[in-house]
Amino acid sequence: LAKTTQPPSMEAYEGQEVNVSCSHTNIATSEYIYWYRQVPHQGPQFIIQGYKDYVVNEVASLFISADRKLSTLSLPWVSLRDAAVYYCIVTGDSGYNKLTFGKGTVLLVSP
Amino acid sequence: EAAVTQSPRNKVAVTGGKVTLSCNQTNNHNNMYWYRQDTGHGLRLIHYSYGAGSTEKGDIPDGYKASRPSQENFSLILELATPSQTSVYFCASGDAWDRQNTLYFGAGTRLSVL
């Protein structure tokens, strides 16, 4: 399994766009990149998944570098509700693959 | 919306006692997982299951057993609880055929072993 490296914390103001980076230098060709987030007192929740290039959904967008060693989760117009721990996970795209959560990135949002 | 329910939500146990944490999912998912979360760590996988009757060891299985009597239910058992097992435990379910590999988590069980 590829190891991921994320910044331990980030700060933003409401209304800003936030970009959370994740380095996965040993990612295998069979592996995908997943992002989850966890708000206090709840379990993690899936945000987005990608393999290469650019992926977007109603919650966030994900940019993956051409060599796939770096990905960036972009959250447009953050609000206080986006304050959470964001986890970047790299694993295969099968339900038989385990998800290993690191320490994630703590996003603090101020009014 | 996928639903995973954990019980109890909070539990205080004594050292050496037996503790059973329960998890029920109504998603008809094949896979279920137990994680624990401690300050300074991410979620760590304890046990998981690919279906009724199956259990597999995760990354930190020592001191824990798991039981999957049915598709819907997955239990985590601490036969002899120790203070080091004080933690927040999360159960999750996932569809084995889901290419997005999405897991759905319960709200967690906060366990204190005194």
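Refer to the structure printed above.
Below is a summary of the structure that appears in this document.

Conventions we followed
- Residues numbered from 1 in each chain as written.
- Chains lettered and ligands numbered in written order.
- Predicted model: local features only at pLDDT ≥ 70, side-chain atom pairs only at ≥ 80, totals over all residues.
- Heavy atoms only, no water.
- Disulfide = S-S within 2.5 Å.
- Helix = DSSP H or I, 4+ residues; strand = E, 2+ residues; numbered from the N terminus.
- Contact = heavy atoms within 4.5 Å.
- Buried area = accessible area lost by both parts, 1.4 Å probe.
- Salt bridge = Lys/Arg side-chain N within 4 Å of Asp/Glu carboxyl O.
- Nonpolar A, V, L, I, M, F, W, Y, C, P; charged D, E, K, R; others polar.
- Pairing = 2+ DSSP bridges.
- Axes fitted to C-alpha atoms, helices over the stretch in contact; angles between N-to-C directions.

1. Thoughts on the state of the cysteines
All names here are of chain A. All told, the structure shown has 2 disulfides over all chains when counted by the stated rule. What pairs with Cys22 in a disulfide is Cys88, and their sulfur atoms sit 2.1 Å apart. The disulfide joining Cys22 to Cys88 has a torsion of about -80 degrees about its S-S bond and is therefore left-handed. Taken as a pair, Cys22 in strand β2 (residues 18-23) and Cys88 in strand β8 (residues 84-92) lie far apart in primary sequence, 66 residues in all.

2. Some remarks on the interface of chain B and chain A
Contacts between the two partners involve 26 residues from chain B, matched on the other side by 24 residues from chain A. Both faces considered, chain B and chain A share a buried interface measuring about 2,000 Å² in area, 46% of it formed by carbon and sulfur atoms. Counting every contact that joins chain B to chain A gives 0 salt bridges. When contributions to the side of chain B that touches chain A are tallied by element, the ones reaching two or more residues are β4 (31-37), β5 (43-49) and β10 (103-105) of chain B. Considering each element in turn, the side of chain B that touches chain A owes the most residues, 4 residues, to β4 of chain B. Among the residues forming the side of chain B that touches chain A, the class breakdown is 12 nonpolar, 9 polar and 5 charged.

3. With respect to the sheet that holds strand β1 (residues 4-7) of chain B
To summarise the sheet geometry, strands pair through backbone hydrogen bonds and adopt either a parallel or an antiparallel arrangement. Residue and element names in this part refer to chain B. Strand order in this open sheet of 4 strands is β1-β3-β8-β7, and the pairing throughout is antiparallel. Edge positions in the sheet fall to β1 and β7 (65-67), since each has one partner strand and no second. Strand-to-strand twist in this sheet, taken as the mean axis angle between neighbours without regard to direction, amounts to 20 degrees. For β7 and strand β8 (residues 73-78), the ladder comprises 3 bridges, and the chain directions are antiparallel. Looking at the pairing, Ser67 lines up with Ser75 of β8.

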